[in-house]
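A closer look at the structure
Listed below, chain by chain, are the residues.
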Amino acid sequence: MTQTLEPRTEVADTPQARVEAWFADLEASFRTGDATATAQLFATTCYWRDLVAFSWNLTTAEGRDEVAELVDSTTADASGFRTEEAPEEADGVITAWFTFETAVGRGRGLLRLVDEDGPKAWTFLTTLHELKGHEEPRGQARPMGAEHGATKDRITWAEKRRQEDEALGTSTQPFVLVIGGGQGGIALGARLRQLDVPALVIDRYDRPGDQWRGRYKSLCLHDPVWYDHLPYLKFPDNWPVFAPKDKVADWLESYTKVMEVPYWSRTEARHASYDESTGEWTVDIVRDGEPLTLHPKHLVLATGMSGKPNVPVFPGADVFAGEQHHSSAHPGPDAYAGKKVVVIGSNNSAFDICGALWEHDADVTMVQRSSTHIVKSNTLMDIGLGDLYSERALANGVTTEKADLIFASLPYRIMHEFQIPLYDKMREIDKDFYDRMEKAGFELDFGDDGSGLFLKYLRRGSGYYIDVGSAELVADGQVKLAHGNVDHLTEHTVVLEDGTELEADLVVYATGYGSMNGWAADLISQEVADKVGKVWGLGSETTKDPGPWEGEQRNMWKPTQQENLWFHGGNLHQSRHYSLYLALQLKARQVGIDTPVHRLAEVHHTS
């Protein structure tokens, strides 16, 4: 029988004292195993987001009943909650950074308290930072490197690395095989390397970074440098705010070498199957033209959160005399000077490609099939990102690591409430721009609820453009605009459903991407793809994000319904931040730590 503890009613009136009293009550409820008492420490409307520390999952408990459910299911044995710095109070909310320990690890978090008959948790973020006994060799624990003294048969660093490379995949098998060597796979590979998890990253391109080198030549990052650091090794202080694609590619290649990520280029995965009896994958690959079979315990698909390209097949495509390709295969504008180009789509890639083609004197028409959210880059950097990822943020003590946790601490359920005022302000600042776009006939939106770019990205991964200049070409009529869906192609035209005919020498399908589980269908089976279900989205019941509510990104960075199959990716920020939690989950399994998963996500959509 457990003893029910009454929450404290008398607390000191300083933020520090209130936080300390709350933590004391929290630990007391944990010690007695009284989930009801724990839940009563939370406000009536409350959110506990846990990244691995208590749940061995990425999950958000919403409301007191779900808080109690999480406490009842956990084996974390958490204690030692301590503030890292003096809590701050503003607008009736106390914000406190803290650390804590569990039976197997150490964590960090962010607490927000409100006054509801005493201090109660409104939002509570807990994250696992490291595993006890398996800490990364950093700081004072960094390796010596050199072995001083005279030793016969000394093995140098280069020799040791060569031995590891020669053994991997032959005499030794990777515990984790990461398929996809872009920024996501490389970041995870670096994390696993530091945690001493035998892992291998494979990619079909010739060199790390070729995923970027091969894209259209005007491509650059639309997110600023402060948002885009990789784990361990940040960009230099003189790195450009928006890095061109080839500079990003070279950085990824050098990062792979410096961080000693086991990485096989020119390697393609052909088929994978899982043996439940052995808990092992069989993965058939081809490396440099030679077939090879690997037997990892865990398989991570890091093939890009956007999934497989959506390439529409319209009637008449087979008789069209010009060129056709998806935006992912667009080589750039050089060969199309003087040509008539029709770009199907009106999001990031479409605008970038239209702008570059216009610069090279192509006659360009954009076909807008549905409304698009546009936010000007400078405004987004100032209003949307400036407090977290900027020189201004750094000057205020908000490091990248701190910013990541602040962003993670806002539950997805209420994130739109914080975003809507920001985008209302952006819309006001750039009113003239939006008026000119609408006058040109461009259909604008700010998301179903006005919450703008980030929620569109998290919910559907599409439907937006960060304007770095190309939208002005549409506003000015320099890039022509048409509306509607494509009905068919003729030998020389694209014909829309309303009968509009657009002459074309080239058709670019900037038509987006499907769910990542499409890669699982190709590599493993449609049965496994359906078993894990749709990847990405929140279940917000907004456009292209069907319900029910998930509370977290579907299937990303956490256990799936297919044992030992994981999905990893996202933008550079997500690849950096969430690679830690995925790596810790994999490390725990490698060393035999018990990892009971709380609320393994159900599957509501197969694609």
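To be clear, the structure that these remarks concern was listed above.
Right, let's walk through the structure included here. (Residues numbered from 1 in each chain as written. Predicted model: local features only at pLDDT ≥ 70, side-chain atom pairs only at ≥ 80, totals over all residues. Heavy atoms only, no water.)

1. Some remarks on the overall build of the chain
Across its full length, the chain holds 18 helices and 25 strands. Here the C-alpha radius of gyration of the chain, 26 Å, is about what a compact globule of 607 residues would show, namely 25 Å. Seen through its principal axes, the chain has C-alpha atoms that stretch 80 × 70 × 50 Å. Counting over 607 residues, the chain shows a buried share of 55%. (Helix = DSSP H or I, 4+ residues; strand = E, 2+ residues; numbered from the N terminus. Rg over C-alpha atoms; globule rule 2.2 N^0.38 Å. Buried < 20%, exposed > 50% of the residue type's maximum accessible area, 1.4 Å probe, protein only.)

2. What about the pairing of strand S22 (residues 493–496)?
Burial along S22 is two-sided: the face carrying Thr493 and Val495 and the face carrying Val494 and Leu496 are both buried. Sheet topology places strand S21 (residues 486–489) next to S22; three bridges connect them, and they run antiparallel. Residue Leu489 lies in a different strand from S22, and its bridge partner there is Val494. Connecting S21 to the antiparallel partner S22 that follows it, the hairpin turn spans three residues. One ladder, built from three bridges, connects S22 with strand S23 (residues 501–503); its direction is antiparallel. Among the inter-strand pairings, Thr493 is bridged to a residue of S23, identified as Glu503. Linking two consecutive strands that pair antiparallel, namely S22 and S23, is a turn of four residues; a positive phi of about 95° is found at Gly499 within it. (Pairing = 2+ DSSP bridges.)

3. Overview of the packing of helix H5 (residues 183–194) against helix H7 (residues 245–258)
Look at H5 against H7: their axes get within 10 Å of each other, and the N-to-C directions meet at 20°. Overall, the two elements H5 and H7 adopt an arrangement that is roughly parallel. As H5 runs across H7, the sense of the crossing is left-handed. Only Leu252, Tyr255 and Thr256 of H7 make contact with H5, whose side of the interface consists of Gln183, Ile186 and Ala190. Its residues assigned to classes, the contact of H5 with H7 comprises four nonpolar, two polar and no charged. (Axes fitted to C-alpha atoms, helices over the stretch in contact; angles between N-to-C directions. Parallel < 35°, antiparallel > 145°, perpendicular 65-115°, else oblique. Left-handed = near helix turned anticlockwise from the far one by under 90°. Contact = heavy atoms within 4.5 Å. Nonpolar A, V, L, I, M, F, W, Y, C, P; charged D, E, K, R; others polar.)

4. A closer look at helix H8 (residues 348–359)
The terminal C-alpha atoms of H8, which comprises 12 residues, lie 17 Å apart, in line with the 16 Å expected from a rise of 1.5 Å per residue. The element H8 is extensively covered by neighbouring structure, given that 10 of its 12 residues are classed as buried. Turning to H8, the residues buried within the fold contact strand S16 (340–344), strand S17 (363–368), strand S18 (373–376), strand S19 (464–467), helix H15 (470–475) and strand S24 (506–509). Positive phi appears at Asp361, one or two residues downstream of H8, with a value of about 65°. (Expected span 1.5 Å × (residues − 1).)

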